[in-house]
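Overview (structure and organization)
One letter stands for each residue in the lines below.
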Amino acid sequence: MKILKIKFKNINSLKGDHEIDFTKTPFTENNLFAITGPTGSGKTTLLDVISLALFNQVPRLGKMSKSEISNKGAILTRNQKEASAEVTYSCQSGIYRSQWNISTARTGNLRDYEMSITDISNDKSLDYKKGDVPAKNEELIGLNYDQFIKSVVLAQGEFAKFLKVKKEERGELLEKITGTGIYRRLGQTAFYKYRDLDNAVKKQKDKISTHKEVLISEKEFEEKEKLAQETHKEKEKISKLLKALELQINDKRTYLQHQDDLEKFKNQIKENEDRISVFEKEKGVQLKKHNELQAYIENIQKWKDLNKQLQQLESQKEENRQKLENVNQNLEQNKDEFASLFGLNTNDKNFEDKLVKYKETVRKFKKEREEILTAYKTLANSIDENLADFKLKLNQKHPSSSLQEVQDLTNEILNKKEELEKQYSFSETTDIEYEQKEIKEKLKQIWNAEKCHSELSRKNETVKNLEKDLKESLKEIENYPAQIKDLKSKIQLQDSQLEAKESHLKNAELQKKLEDYRIDLKPNEPCPLCGSLDHPLAENHPKADDQLEKEIQELTEILNKNKTQLTQFETKLETVNKQNSKTENQLESLTSELDSLKISYQKQFENLEVDTDSLSESKERLENKSEALNDFYKYQQALSQLQKSKNSIVNLEDLLNKGRSKKEEIEQLFEGDNFENKINQSERNYLSLSKEKEQLDSLKSKIEEEDENIDNQYQKQNDYLKNCLEPLNYENVSEAIKHILPHQIFQKYQDEKQTYENQKISLNTSQKDLSEQIDKLKEKVGSETIDDLKENYKNKQNRLQDTENQLNEFNRLIKNQKETLQTISDIKEKIGEQLKINHRWKMMNDLIGDSKGKKFNDYAQNLTLSQLLVLANERLRLLTDRYQIDKAAKGEDDSLIAIDAHMGGQRRSVKTLSGGETFIMSLALALALSDFASRKVEINSLFIDEGFGTLDPETLDQTLDTLEVLQAKSSKTIGIISHVSSLKERISTQIQLTQNGQGYSTLKVI
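This write-up is about the structure you can find in this document. (Residues numbered from 1 in each chain as written. Predicted model: local features only at pLDDT ≥ 70, side-chain atom pairs only at ≥ 80, totals over all residues. Heavy atoms only, no water.)

Moving on, we get to helix α1 (residues 45–55). For α1, the tally of buried residues reaches eleven of eleven residues, placing the bulk of the element in the interior. Taken as a whole, α1 has its buried residues at Thr45, Leu46, Leu47, Asp48, Val49, Ile50, Ser51, Leu52, Ala53, Leu54 and Phe55. Phi turns positive one or two residues past the end of α1, at Asn56, with a value near 55°. (Buried < 20%, exposed > 50% of the residue type's maximum accessible area, 1.4 Å probe, protein only. Helix = DSSP H or I, 4+ residues; strand = E, 2+ residues; numbered from the N terminus.)

Structural data, given as structure tokens:
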């Protein structure tokens, strides 16, 4: 990998545009160059530009973001609105250009940074998001950020310190320089992994001990199994007895129920016979006469129908005569209407021809005008719909007057669209859907981040509140133990005092005289000596001294008060302690949740290119751009829509003129509205009336013919029925019709009679069957009552329940014993499997594990140091033939050892070396680290930072000679960062940085 060109703008103190092209003179003539300038002029800024353009990181600040730049005032030159960094480099895959830039929005806030990568061979930008560009550069170069910095920027100052530190510190420093801290973490992982696995086995063994405590002895277990078998047999025996009793009870119930049912059937049979007798008296005669006439029922019905038809025909004759008169009058009126409305004089012969020609002419003109009107309305509605979106309305009478309004609105929208194009660099080719999709995705990430951050804040606030509550609670009860102790002492003392006073009072009660009892006498209460309710000597008796009783009462009250207070303190202390314990558990759980949530937040949003503090600002910026995109799209659509409207208004004016001309032609033939309705209605009236007249004439003939035919049939039917009904004592047909029952009533009577007969048969059959069943059951059931059977059944059930409970208890003990033994067996099996796994981790822990990771780290760093010293000695031989570097042997100083070839291979501490000798060795180590870090990647660009000021002129020349040889042999571009003035004389190619006194610097290549 080789850096070909650096280009940047407004980075740190270097204001403006700057470019350093290593493929052009003077760098092509001399690849060894110096970067010179006073302290603070920006020498290290060149290295910042390279790492920023490739990895979005700088050595002193780490990963960059807009918040990092704003908060620390880094990268962006003071008072400037944009900054950029660009590096062109070559690698095995080709030549690429990596770019980084950032700028300020109109609001004065920084926009988020942007990164891109371009393949120089085809000048095509690779399709990667800005967050993926550093990873792509890492893939192309073959080095990550840390490896790149250690391989390209050689800070020999760290190695000068590394040479002289003690062995304990050297490992940590080497770990920092080489970035090999993974070995320490591997040692710690091995230690803690084995510890956790070993603890898991111990917990399983503890579980076995716990389970063994609940096991019963083997002898007792066998006894329980035997008792369970005996109890099971007893249960089956009782169950059989219960089933037999249940059958007896059911038979007894059935026998008693059948006896009740038999009595009911006897009552029902008697009731049915009574109903049959009543039916014969009330409805039997009517049913009999109806059945006698059933033979002639069809002829009677036909006679009735013919009589009804004759009456109807008479009515039809009169109705048809009146309709014929009305039709003739209406036909005359219709002819008059044609003459007055349409100017047509017609008769029955020429009516149809004249009417057809007239309608065709008028309809043709109206159709042409209708087509024009339809086209006009369609176009006008279309224009109105288009203009409605702009709150404009078409003047349909004078469409041309709306053209100017549309043109004014077009100019207004065009101006707004041009403003957006300038503000957001939009154009007609802008892919709005793609842009909106990108914004939506970014907004979604920001919303999720805000939600997660809010949850973090809420939980953090809850933790703070709990900690505050816990602290206040502890402060509240900190004096309780002392107060409780003090109260207990007081109560103990007061108990002793009360006991003494009560004893004293009791002795005094025993010693008092009869006179003293007078004090205690009360009205209407018996005297303890004589039993009298009247106490004359007790009146006006002087009161006894009750001071002792008062003292006892007061002391008792104080004692009770103290005991109550003690109980309150103890209860409060216990309650608060429990609450504090609960709070501590809750606090621990919440703290764990908070840590997990923080880790989850970092993982989930590590690629979010927005700082947490500027989420709202970024969201607002994206929402503004989204809204602007929507407006831009609306303006595009509106301009297209308005142009269509203008064209349509011109066409509308033309249609309006054609419609007016056609209207004049129609009015010459027909004046008025609703031509079709009126002409069609008049025509329909004429045709309808003509047809109606024809139909009425035909109907008149049919009615007369039908009337004669039906009258003949009626006379024949009447004569036949009269002869048939005379033997049944009916004078005429009408009298016989009176005795015919309606079909529903006849059917009802018939069904009712049949129902009674069926019930009689059914009841007699049921009575017989039930009597036979009673006789059979009488032989099965005994003399024992059903109550006795139920009582016996209940006793057996209780006995069965007791037996089942006892059996369940035995089965529970047996099941628990088996399950516990199986659990112990399963745990032992798991322990065996776990021990096999643990064996590998135990070996790993014995070899490399410890809690601080020191064992494996020391071993790994010792190997790393050996490799580094081999590479360093190879570089050192090019710088001097006097020294080699070696590790300290036993008994030697803890620092590294310099082997002095000029002194017969003498080994001495590097602490004894001069400043120049120390620089040479540290430079060799720095070059070795570059070789070590880039052993799989060829690095053809190196920057060596400071340290040349400690060298004498001879050593400086020797060092520079070595670097020139290194450059010549490897074609490396080597930059030396220094302010040593003698370098200017020796190194002709220089990048000079000077300060201008205003905080800015300038850059010049010579």
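This next bit is on the sheet that holds strand β11 (residues 883–886). If you trace the three strands from one edge of the open sheet to the other, you get β11-β12-β13, paired in antiparallel fashion. A single partner strand is all that each edge strand has here, and the edge strands are β11 and β13 (906–909). Averaged over all pairs of adjacent strands, the angle between their axes in this sheet comes to 30°, without regard to strand direction. In terms of strand pairing, strand β12 (residues 897–900) meets β13 through four bridges, oriented antiparallel. Across the sheet, Ile897 pairs through a bridge with Ser909, a residue of β13. (Pairing = 2+ DSSP bridges. Axes fitted to C-alpha atoms, helices over the stretch in contact; angles between N-to-C directions.)

Next up on the list: helix α7 (residues 182–213). End to end, α7 covers 47 Å across 32 residues, agreeing with the expected 46 Å (1.5 Å per residue, within 8%). The set of residues buried in α7 consists of Gly187, Ala190, Tyr194, Leu197, Val201 and Ile208. Lining the buried residues of α7 we find α21 (786–848) and α22 (854–879). (Expected span 1.5 Å × (residues − 1). Contact = heavy atoms within 4.5 Å.)

Looking now at unusual backbone geometry. Here the amide bond leading from Thr25 into Pro26 is cis, since omega sits at 5°, within 30 degrees of zero. For Pro26, the location among the structural elements is in the loop between β2 (14–21) and β3 (32–36). Even without a glycine there, the phi angle at Ile75 is positive, about 70°. Using a relative accessible area of 3% as the deciding quantity, one classes Ile75 as buried. One non-glycine residue with positive phi stands out, namely Lys391, at about 60°. Within the element layout of this structure, Lys391 appears in the loop between α11 (351–388) and α12 (403–424). Overall, the relative accessible area of 80% leaves Lys391 in the exposed class.

Before going further, it helps to spend a moment on the packing of aromatic side chains. Following the criterion strictly, the structure yields 13 aromatic pairs and no others. With centroids separated by 4.9 Å and ring planes inclined at 65°, the aromatic side chains of Phe22 and Phe27 adopt a geometry described as edge-to-face. Comparing Phe22 with Phe27, the two get one shared label, buried. Pairing Phe27 with Phe33 gives two aromatic rings, centres 5.3 Å apart and planes at 85°, and the pair type is edge-to-face. For the pair Phe27 and Phe33, a shared accessibility class is recorded, and that class is buried. (Phe/Tyr/Trp six-rings, centres within 6.5 Å; stacked < 30°, edge-to-face > 60°.)

Our next topic: the pairing of strand β8 (residues 114–119). Look at any regular strand and the pattern is simple: side chains alternate between the two faces of the sheet. Of the pairings in the sheet, the one linking strand β7 (residues 94–103) to β8 comprises six bridges and is antiparallel in character. Looking at the pairing, Gln99 lines up with Ser116 of β8. Where β8 lies against strand β9 (residues 124–125), two bridges are found, and the strand directions are antiparallel. Bridged to Asp119 within β9 is Lys124. Counting the residues between successive antiparallel strands, the hairpin from β8 to β9 contains four residues, one of them, Asp123, with a positive phi of roughly 50°.

A separate point is the pairing of strand β15 (residues 973–977). Burial runs high along β15: five of the five residues are buried. On β15, burial covers both faces: Thr973, Gly975 and Ile977 on one face and Ile974 and Ile976 on the other are all buried. Note: β3 against β15, four bridges, orientation parallel. Bridging across to β15, Leu32 finds its partner in Ile974.

Moving on: the nonpolar core. In terms of nonpolar packing, the biggest core is built from 84 residues, with Ile75, Tyr89, Trp100, Phe148, Phe943 and Ile991 touching the most fellow members. Element by element, the count of residues in this core is highest for helix α23 (residues 915–933), at ten residues. Residue assignment places this core across two domains, with domain 1 (1–142 + 940–1005) and domain 2 (167–176 + 853–936) each supplying three or more. Residues Ile432, Ile439, Leu652 and Leu656 belong to the second largest nonpolar core, which totals 29 residues. (Core = buried A, V, L, I, M, F, W, Y, C linked by side-chain atoms within 4.5 Å. Domains from an automatic or database assignment.)

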